[in-house]
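Listed below, chain by chain, are the residues.
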Amino acid sequence: MRVRLAAVAVGAMMVLAGCIADSDPDSASSGPVGSSVTAITIAISSSAGSSSTSSSSTSSSSTSSSSVGSSSAGSSVPANAAAGTTALGVLATLAVKGRAPKTGYQRDLFGEAWIDKVQVDGGHNGCRTREDILRRDLTDLLLKPGTGGCTVLTGVLLDPYTGSTIHFVRGQDTSALVQIDHVVALSDSWQKGAQQLAQSQRENLANDPLNLLAVDGKANQSKGAGDAATWLPMNKAVRCDYVARQVAVKAKYHLWVTEAEGAAIARVLRGCPGQLVPTDAQVAVPLLTG
């Protein structure tokens, strides 16, 4: 059944219970951390994002799939889609299905938190992923000597979700003020196709800079595992970028949307129909300087 954007029903709020906040506040065991402000931009890349067609032992939704505004049910945008593609256009290629059961979901199915051994930008650079995103998204950095340029001691975050300015200070009682959000929550992705990905692909999804933003800790906790149908940033100025980034992640990793989620994303994007899907370079982590 083809689902038209203008006719997608709005409803079905997502259950947030059991979501895991991967804030990974800095501690003695968390390793180095790390710099510059970046807009919420999108990329679709073939690296670390191809889908797995192997069957999963976990049951999926029995709801038949369609695509949002597309004549090809279950189609997906190529992982190497060119820059200039609109988010609305990519949204139209995403499959639309019901939410699969959360049965079997565990955070470690996406690998150790912030593992460096992944095939995405920043992988294998010697820094944990949290540190890479801090180095990318914070300004006025003070890096810890002797950490190879990884660890951020202090910095300033212009939080995209609230619009507030946060002065980050690394420490047991202060690091959690800045958390790293999975733009597409891992629990949500599990129920919308990630069950069918290989372990390595799930690890890529959990550590892909495309799917990560440094944000206000309280805002991240408020979001939980919500999708666009249940949560959007209070800062309306970034909503177009935010949902476009969710669309890009779902296209890259071949995840689907629910009807309510697709409708919510479409409502936002109709206010910015020219919102584009840029390149991986616009979300890349900075090269190490230490």
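Attention here is on the structure that accompanies the text. (Residues numbered from 1 in each chain as written. Predicted model: local features only at pLDDT ≥ 70, side-chain atom pairs only at ≥ 80, totals over all residues. Heavy atoms only, no water.)

**Re the nonpolar core**
The tendency in soluble globular proteins is for nonpolar side chains to be buried side by side. Applicable threshold: Take the buried residues of types Ala, Val, Leu, Ile, Met, Phe, Trp, Tyr and Cys, join any two whose side-chain atoms come within 4.5 Å, and each joined set is a nonpolar core. When a residue's accessible area, from a 1.4 Å probe over protein chains only, is under 20% of the maximum for its type it is buried; when over 50% it is exposed; and in between it is partly exposed. Comment: elements are numbered from the N terminus, with helices defined as DSSP H or I runs of at least four residues and strands as E runs of at least two. Only heavy atoms matter for contacts: two residues are in contact if any of them lie within 4.5 Å across the pair.
Grouped together as the largest cluster of nonpolar side chains are 45 residues, with contacts concentrated most on Leu91, Phe110, Tyr161, Leu205 and Leu269. Mapped by element, the contributors of at least two residues to this core are α1 (87-91), α3 (186-190), α4 (199-207), β8 (212-216), α6 (239-252) and α7 (259-269). The greatest single-element share of this core, amounting to 8 residues, is contributed by α6. Setting aside anything within four residues of it in sequence, one finds Phe110 in contact with Tyr105, Leu186, Ser189, Trp190, Ala194, Gln199, Arg202, Glu203, Leu205 and Ala206.

**Points about the packing of aromatic side chains**
Going by this rule: Aromatic rings from Phe, Tyr and Trp, with only the six-membered ring used for Trp, were paired whenever their centres fell within 6.5 Å, and each pair was classed as stacked if the ring planes differed by under 30 degrees, edge-to-face if by over 60, and tilted otherwise.
Enumeration over the complete set of coordinates arrives at 6 aromatic pairs. With 5.6 Å between their ring centres and 90° between their planes, Tyr161 and Tyr242 make a pair best called edge-to-face. Of this pair, Tyr161 sits in the loop between β5 (152-158) and β6 (165-169) while Tyr242 is found in helix α6, placing the two residues 81 residues apart along the sequence. The same class applies to Tyr161 and to Tyr242, which are both buried. Clustering of aromatic rings is evident, with ring pairs tying together Tyr105, Phe110 and Trp190.

**A word on the state of the cysteines**
Going by this rule: Throughout, disulfides are identified as pairs of cysteine sulfur atoms within 2.5 Å of each other.
In the structure shown here, the tally under the stated rule is 2 disulfides. Between the sulfur atoms of Cys127 and its disulfide partner Cys150 the distance amounts to 1.7 Å. Where Cys127 bonds to Cys150 through sulfur, the torsion about that S-S bond is close to -80°, and the disulfide is left-handed. Pair noted here: Cys127 is in the loop between β3 (95-96) and α2 (129-137) and Cys150 is in the loop between β4 (139-143) and β5, with a separation of 23 residues, a long-range link. Per residue, the accessibility class of Cys127 equals that of Cys150, and both read buried.

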